[in-house]
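Chain residues, written in single-letter form:
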Amino acid sequence: MAATREIRDRLKALATGRLEGRSGRAYWRSLEELAAEPAFHDQLLDEFPSLEPVLGSRSRRDVLRIMGASLGLAGLAGCDFGPPQEKALPYVRAPEFEVPGDPEYYATAALLGGYALPVLAETHVGRPVKVEGNPEHPVSRGATDLFAQAAVLDLYDPDRSGATTRLAQISTFDAFQIDLIGRARELEGRRGSGLALLTGAVTSPTTLRLIERARERLPELRWFVHEPVGNARRHEAARLAFGRILDLHPRLDRAEVTLCLEADPLGPGPAQVPNARAWVDQRRAKMAHGELPKLYVLESTPSLTGAKASEALPAAPAEIHNATLALAQHLGIGGIEAPELPLHLRAKVLEIALALERSGEAALVMPGAHLDPQLQALVFRINQQLGGLNRTLVATLPVEARPEVGENSLPALAGAIRTGEVDTLLILDSNPVYTAPADLDIGDLLQTVPFRVHVGAYQDETAALCPWHVPLAHPFETWSDGRAVDGTASVIQPLVRPVRGGRSMHEVLATLAGEPQAEPYEMVRATWRRVLRGRDFEPAWRQVLHDGFAEGTAAETQSVEARPVEAPPPKKPGAIEAVVRPDPSVWDGRFATNAWLQELPKPFTKLTWDNVVAVSPAFAVEHRLDNGDLVDLSAGVRRVRAPVWILPGQAERTLTLHLGYGRGRFGGVGSDLGYDAYRLRTTDELWVIEGMIVQAADASMPLASTQEHHSMLGHHLVREIGIGELAAGRSVVPKEHHRPTLYPEWDYETYAWAMTIDLDACIGCNACVVACQAENNVPVVGKEEVLLGREMHWLRVDRYYSGEASQPHVHFQPIPCMHCEKAPCEMGCPVNATVHGPEGLNQMIYNRCVGTRTCASYCPYKVRRFNFHDYTADEPPTLVARRNPDLTVRARGVMEKCTYCVQRISAARIEAKKEGRRIRDGEVVTACQQVCPTRAIVFGDQSDPDSMVARAKASPRDYALLAELNLRPRTSYLAEVSERPAGDHRLEGEVREF
Amino acid sequence: MATVHPESLTAPSVDYRSVTRDVAAVPLAFPSPRAWWIGFGISCVGVLIFLVSAFWLFYRGVGIWGINNPDFWGLAISNYVWWIGMGHAGTLISALLLLINKGWRNSLNRFAEAMTVFAVIQAGMYPILHLGRPWLFYWLIPYPNTMTVWPQFKSPLEWDVFAVGTYLIVSVLFWYVGLIPDLAGVRDRAKRRVWQVFFGLLALGWRNSAIHWQRWQVCYWILAGLALPLVISVHSGVAMLFAGGLEPGWHTTIYPPYFVLGAVFEGFAVVLLISITLRHAFRLHHLVTDRHLDMLAKLLLAFGLMTAYGYLFEGFGAWYSGDLYERQTLQDRLSGDYAWAYWGAIALNFVVLQACWFRAVRRSAAALLAIGAAVTVGMWLERFMLVTTALYRDFLPSSYQAYVPTFWEWSLFLGTIGVFFFLFFLFVRLLPMISMFEIKEVLQEEARGGHRAAPS
């Protein structure tokens, strides 16, 4: 134990040295505290990292004891994994009411950009497996977006940070707390001045309460907010127009004529689910009366809203800016300089203005959340002018605890650091080094802050520059809370103990506030005593845990009046502009390690594993660019090399850059993918970069798109019916009379499962694809395999274009297995591995499959997926725990495909049999159906004429895909409904192949 | 010197003794060991390539190939069809011409049958190699089992299993039964003990007695009668594997005859290649004469034209059906990613073949060698084209995706060629490659017909 003696000796020496250097009285409790000299500390920890927690407070005997014990207990590491209530599996005596094989559901919430999406999480013997939307919640109504579906994979992500680190050496949370307590004590002396917090958008009442607690102790604490894809400009605009920060919610369920100016209410984001539901409700209600709501979209780059618009007009950002001014002028808003506008847009603006005026109170004009705040404020004025403000566009108090505006934004923090006002910085769940605008040089600035801590889920770019890194627990691992976009507060329950040993953000904040021992559970409860004020706490708390949210906590609606604001000057269009958008799959980069999202084909490009620079077909022709060609983008001194992708519907001289990629080495999944668009952004040009210079790099790279062909080639795959025809009682196709077949008819004695997919309601959001992947253990295959055409998604969303490539109509068509009555696959299989079930399901018997692939060759829909490699065996071992135990995991050489979620049918059948009844309509809900925000998918027993699916199939819009093959698919489609009368619009219009 | 009629099938110098001497000498006192060893050595390398490719395939799975969704089959299946097609001419020449009493076949039938057997072996391996889980291949065979699961008898693939299996068995039997009298002949001439035992065992105690001959004849003719319909049914079955699916470009009634004719056409081309090569290598010009080549070339031309009719009618059918998908596939064949395969097949199978209208070409070994090679390659292109163009773009444009074979698919194909030659080299080394007794029959017939002097 020479080393220990040496430590002791050095401690003595140091302590003596310190005392000698002091004048006046110095208080100290131990030699160790006295010896708190960083250099020595570091040296010591280099040698004995496990000593970290005990250093500073224990005796030599303790050190020895702990060193011995840590050796002995090393084998127990990794045992800390299981359900939260201290249960260990397998049970000696099983707890009552827990039936292995029966899932349990807990109400909790998934987070995106700080906002909670309430979900019910399915756990199997303590392992979270799948999330579903919370059907009681006004925002979710049973649906979720794709990010919430993928959240459960993050939980098991082996790339998540698993240890507190100090200077890249493994440390402990206790050691961190000790260090932070010391620092806080020091700060207390100067009332917290020099202390700054940086968070993402926060809606959590507990986080807010803890920060307030910390502020009581450290009043000069400064709190900065940085959300890369947040509402900063929207809030700024509200402040301009209404004098205070407010949230603005479009009410698409009330709007009859809507104009979106770069706004994408149906696109990905925290409000996608409620917006999509409102949109479809309104559309269906109008359709019942033989009308359709009008939706105009002016956009520089295709959006999901544009895809569903009555008319989507591609226009450059400057043109949209000017068109907004022109619209305001038309509507009689004064003080606007006449903008320059191309003729066709001028005419279109006039037409839209008239339509909006006619609609009056039911008109809605939505500005994009990232538009110039002045312009957005003008749009609020336009809404007021039309009469829709407070009706179709509703203001509420902000949901975010601290809305991000100029004075608490990242640039403000950068300024404070630069002027030396910050010497202690806690970065909580934010990654500014990666996501900050390039001109802030935040990485260099950070390193001038002496004490900096990063609390985050990953060892990311920011963690690399912070001496302390604390792993952040996943929302499903710890107690927390949050608010949905409407403000309704939810408690976030843990489903499992931290898989990777993460810590709650609350623990860090509590340490700062002087309560290092506080448990997240107690902290959240303490907050909710306030939220549930006036109610008997325990029953109310239990009710909240059960429901997943507290009723009546939505943000208060504010009746507002838009003040006249100075209109921004018109812009001069013409230069090449680049617009910046979050990636539809990995958002701002936070999902970069999520393999489901990386392999999810993006709605328009159908690309996986990469981001691209989207260019218009005309631009590609002009610059002789093809898909995958690399270009050098430069804006000022900033340069990035990126592959291009030709995107129909893109504004002609506008490029689209997607965030979230180009992170270099970032875990097993997220490494070396795409380019980093953040490097081109500046504080002033966050969302539109003007004067971009594009130079072909004379090189190209392979891009893995799952769809290489974009036109229907004259086939009627996606059908359309005019609203007029529909109102007149016509059908999209003549009602089907079965054509003769040589095969004998099947006898169905029990159920006849069937599905309809409403193409009119489908917004192409991809939530169903991820839900299917999660439910059915669909493996991820990687970019190389996708390039070969071996993606495994059981449900895919086909995307077709029709009309002009410069301004195409976009059609989304989800394709699951069709479960044909006369299935060619069943005929082809030589070993009876795919057979017709007694309820009409086309069943796949994995363990009988020998892999001849005849079934897949024969399938006209190509929905069958083959395990060319042992994809599931290649998955990281941690992901095995995520798998749905109700399903087989398929091995190499076996065919698989959509089963209509047969495991859910079986579960319902068991329940029904126990109760001696038939399965009720709506009792079986497929994963894709359950998640769909627009309720486009209906599933059920078509032999029951009253079932929802039978009624859907009776719709005049119902048609079968490739009906001419006479396979009688069980899955059928409801045609899109258009405003154009029949014959006016030809779907078979060819689009040039790119 | 005996006078020989111009219609005689063998050279004038041929008599009973010389036939036996020339043919039996090959296994007993091999005439060109150096060339053989070189060829055999190369084919051994091919076998090695096959073994490595198959090992890697079994180890890693079919994912090492370039197949994907929608091109689930690729080279494995087109090579299977190509190999099994090659196996057709041997049986057809041998059995059909035996049944209709065309004596000229007797110089060709032995190695044509050997070719059949070896080609069918390659073909038979492919469906097993291409399985996702090849170790379960026996599930394709109907056998009573504890799972009480039977194969699915509606599947064309299942019937392929039966057809190929039966064809292999019948071909081997037919070939072997035909070999027995000659094996006995070689046995009787063998001087070394090892050859005496080897051929003695293979000859199954053949003593050349009249009753042997009588029973042998019945057996041989029955086998011929069995083999002939098999030629039709096997390749019709293979065609049904495609026609049974709904894929545009596959789903046509013309497929079975189209495939059978193409197969026989390809088989004749390979028989031509082999007979020209063998007669050159072993100087058997007196047994395989220019007239044999002429006959083969005529048959090649006839079957080639029938195959061309298939091409024509396939295109016409697609156009005439008015079906957009069929037309699309036709257009893809003519001008799509794999148009090279289509036009290559047309050029090599049809254009080149037209030279066979000329007698001089039909009697020129060099020219026929070139034509035979062209057709062999052309038929490969055709099989590849038929399998791939239907799959890579079928119904939904969203599924369109091209297929590029990988190294391991090519190496496996090369390996099967190696195995084929390996077996063939062993055959020419060890067995009488030309039917001695049947040539003697011809000599006898011709003598009786007055076409030549009675041989001694």
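Residues numbered from 1 in each chain as written. Chains lettered and ligands numbered in written order. Predicted model: local features only at pLDDT ≥ 70, side-chain atom pairs only at ≥ 80, totals over all residues.

S.K.: Give a detailed account of the overall build of chain B, specifying residues and quantitative values.
M.R.: Counting its secondary structure elements, chain B contains 15 helices and 0 strands. Each principal axis of the C-alpha atoms in chain B carries an extent, and together these give about 75 × 55 × 40 Å. Classification of the 456 residues of chain B by burial places 52% in the buried group. (Helix = DSSP H or I, 4+ residues; strand = E, 2+ residues; numbered from the N terminus. Buried ≥ 20, exposed ≤ 12 C-beta atoms within 10 Å, placed from the backbone.)

S.K.: Break down the overall build of chain A for me, citing the residues and quoting the values.
M.R.: When helices and strands are tallied, chain A shows 31 helices and 40 strands. The proportion of buried residues among the 994 residues of chain A is 58%. In chain A, of all internal contacts separated by at least 6 residues, the share reaching a separation of at least 24 is 73%. (Contact = placed C-beta atoms within 7 Å.)

S.K.: Now, about the pairing of strand β39 (residues 971–974) of chain A: what can you tell me, with residues and values included?
M.R.: All names here are of chain A. Here β39 shows a buried face lined by T971 and Y973 and a second buried face lined by S972 and L974. Summarising the sheet, strand β30 (residues 753–758) and β39 pair through 4 bridges and their orientation is parallel. Opposite I757, over in β39, you have Y973 as the bridge partner. In the sheet, strand β38 (residues 958–959) pairs with β39 via 2 bridges, with the strands oriented antiparallel. Directly across from Y959, in β39, lies its bridge partner Y973. (Pairing = 2+ DSSP bridges.)

S.K.: Please provide a residue-by-residue account of helix α7 (residues 205–217) of chain A, values included.
M.R.: Residue and element names in this part refer to chain A. The end-to-end C-alpha distance of α7, which contains 13 residues, comes to 19 Å, matching closely the 18 Å that a straight helix rising 1.5 Å per residue would cover. Along α7, the residues that are buried comprise P205, T206, T207, R209, L210, I211 and A214. Those residues of α7 that are buried lie in contact with β6 (195–199), β7 (222–225), β17 (480–483), β18 (489–492), α18 (505–512) and α19 (520–531). (Expected span 1.5 Å × (residues − 1).)

S.K.: Tell me what's going on with the packing of helix α11 (residues 317–330) of chain A against helix α12 (residues 343–359) of chain A, and back it up with residues and numbers.
M.R.: All names here are of chain A. Close contact between α11 and α12 brings their axes to 10 Å; oriented N to C, the two are set at 45 degrees. Comparing the axis directions of α11 and α12 gives the class oblique. Seen from above, α11 lies across α12 with right-handed handedness. Together, E319, A323, A326, L327 and H330 of α11 and L345, R346, V349, L350, I352 and A353 of α12 make up the contact between the two elements. Looking at the contact of α11 with α12, its residues break down into 8 nonpolar, 1 polar and 2 charged. (Axes fitted to C-alpha atoms, helices over the stretch in contact; angles between N-to-C directions. Parallel < 35°, antiparallel > 145°, perpendicular 65-115°, else oblique. Left-handed = near helix turned anticlockwise from the far one by under 90°. Nonpolar A, V, L, I, M, F, W, Y, C, P; charged D, E, K, R; others polar.)

S.K.: For the interface of chain B and chain A, give the residues involved together with the corresponding values.
M.R.: If you look at the interface, chain B gives 39 residues, while chain A gives 42 residues. If one sorts the elements of the side of chain B that touches chain A by residue count, helix α5 (residues 156–189) of chain B sits on top with 3 residues. Counted by class, the side of chain B that touches chain A contains 20 nonpolar, 14 polar and 5 charged residues.

S.K.: Which residues make up the sheet that holds strand β15 (residues 451–456) of chain A, and what values do they have?
M.R.: In sheet architecture, strand pairing relies on hydrogen bonds along the backbone and comes in two forms, parallel and antiparallel. Residues and elements named next belong to chain A. Spatial ordering of the open sheet is given by β5-β4-β16-β15-β14-β6-β7, a layout of 7 strands whose pairing is mixed. On the outer flanks of this sheet lie β5 (169–170) and β7, each paired with one strand and no other. Relative to β5, strand β4 (residues 165–166) runs antiparallel, the two sharing 2 bridges. Within β5, the residue paired with T165 across the bridge is I170. Against the sheet, helix α6 (residues 173–189) contacts β6, β14 (424–428), β15 and β16 (468–471), and its axis sits at roughly 125 degrees relative to β16. Set on the sheet, helix α14 (residues 410–418) makes contact with β6 and β7; between it and β7 the angle comes to about 135 degrees.

S.K.: Residues and numbers for the confidence of the model for chain B, please.
M.R.: All names here are of chain B. Looking at chain B, pLDDT values average 86 and 94% of them are 70 or higher. Below pLDDT 50 for its whole length, residues 1–6 participates in 10 contacts with residues either more than four positions away or in separate chains. If you check the scores for this complex, the pTM reads 0.87 and the ipTM reads 0.90. (pLDDT = per-residue confidence, 0-100.)

S.K.: I'd love a proper account of the packing of helix α10 (residues 324–335) of chain B against helix α13 (residues 365–392) of chain B, names of residues and values included.
M.R.: All names here are of chain B. At a closest axis distance of 10 Å, the pairing of α10 and α13 adopts a crossing angle of 125 degrees. Of the possible angle classes, the one that applies to α10 and α13 is oblique. Note on packing geometry: the crossing formed by α10 with α13 is right-handed. Counting all contacts with α10, which are made through T329, D332 and R333, the residues of α13 involved are M385, T389 and A390. Of the residues that constitute the contact of α10 with α13, the class distribution is 2 nonpolar, 2 polar and 2 charged.

S.K.: Can you explain unusual backbone geometry? Please cite residues and give values.
M.R.: Following N69 of chain B, the chain continues to P70 of chain B via a peptide bond in cis, the omega torsion being 20 degrees. Relative to the helices and strands, P70 of chain B resides in the loop between α2 (33–60) and α3 (75–99). Backbone geometry at D429 of chain A places phi at a positive 50 degrees, although glycine is not the residue there. Along the chain, D429 of chain A falls in the loop between β14 and α15 (432–435). A positive phi is found at N766 of chain A, a non-glycine position, where the angle reads about 80 degrees. Position of N766 of chain A among the secondary structure elements: in the loop between β30 and α25 (767–775). In this structure N766 of chain A comes out as buried when scored by C-beta crowding, with 27 C-beta atoms within 10 Å.

S.K.: Quick one: what's the story with α19 of chain A, residue by residue and with numbers?
M.R.: All names here are of chain A. With 12 residues, α19 ought to run about 16 Å at 1.5 Å a step, and its terminal C-alpha atoms sit 16 Å apart, in line with that. For α19, the set of buried residues is P520, M523, V524, T527 and W528. Projection of α19 onto a plane perpendicular to its axis shows the buried side chains occupying an angular sector of 130 degrees, all on one side. In the core, the buried residues of α19 are packed alongside α7, β17, β18, α18 and α20 (537–547). (Arc of directions from axis to C-beta.)

S.K.: Pulling in residues and values, what's your account of the nonpolar core?
M.R.: Counting 434 residues, the largest nonpolar core has L117 of chain A together with F268, V271 and L300 of chain B as its most contacted members. Ranked by residues supplied to this core, first place goes to helix α8 (residues 255–281) of chain B with 16 residues. When residues no more than four places from it in sequence are discounted, the contact partners of L117 of chain A are A109, A110, L112, V139, S140, T144, D145, A148, V273 and A484 of chain A. (Core = buried A, V, L, I, M, F, W, Y, C linked by C-beta atoms within 7 Å.)

S.K.: Please set out the sheet that holds strand β10 (residues 294–299) of chain A residue by residue, giving values where relevant.
M.R.: Residue and element names in this part refer to chain A. Pairing is parallel in the open sheet, where 4 strands are placed in the order β11-β10-β9-β12. Two strands lie at the open edges of the sheet, namely β11 (311–314) and β12 (363–367), each paired on one side alone. This sheet shows a mean twist of 10 degrees between the axes of neighbouring strands, independent of strand direction. Here β10 runs beside β11; their pairing, made up of 4 bridges, is parallel. Pairing of V297 across the sheet is with A312, part of β11.

S.K.: Explain the environment of E136 of chain A to me, and be specific about the residues and the numbers.
M.R.: Secondary-structure assignment places E136 of chain A in the loop between β3 (127–133) and α5 (146–155). The spacing of E136 of chain A and D547 of chain A is 411 residues in sequence and 7.4 Å in space, taken between C-alpha atoms.

S.K.: Could you give an account of the environment of R189 of chain B, with specific residues and numbers?
M.R.: All names here are of chain B. Within the secondary structure, R189 sits in helix α5. Using a count of 17 C-beta atoms within 10 Å as the deciding quantity, one classes R189 as partly exposed. For R189 and W37, which are 152 residues apart along the polypeptide, the C-alpha to C-alpha distance reads 24 Å.

S.K.: Would you mind going over the confidence of the model for chain A in detail, with residue names and values included?
M.R.: Mean pLDDT over chain A: 86, with 89% of residues reaching 70 or higher. Considering each helix and strand of chain A separately, the mean pLDDT is smallest for helix α2 (residues 31–34) of chain A, with a value of 48, and largest for β30 of chain A, with 95.

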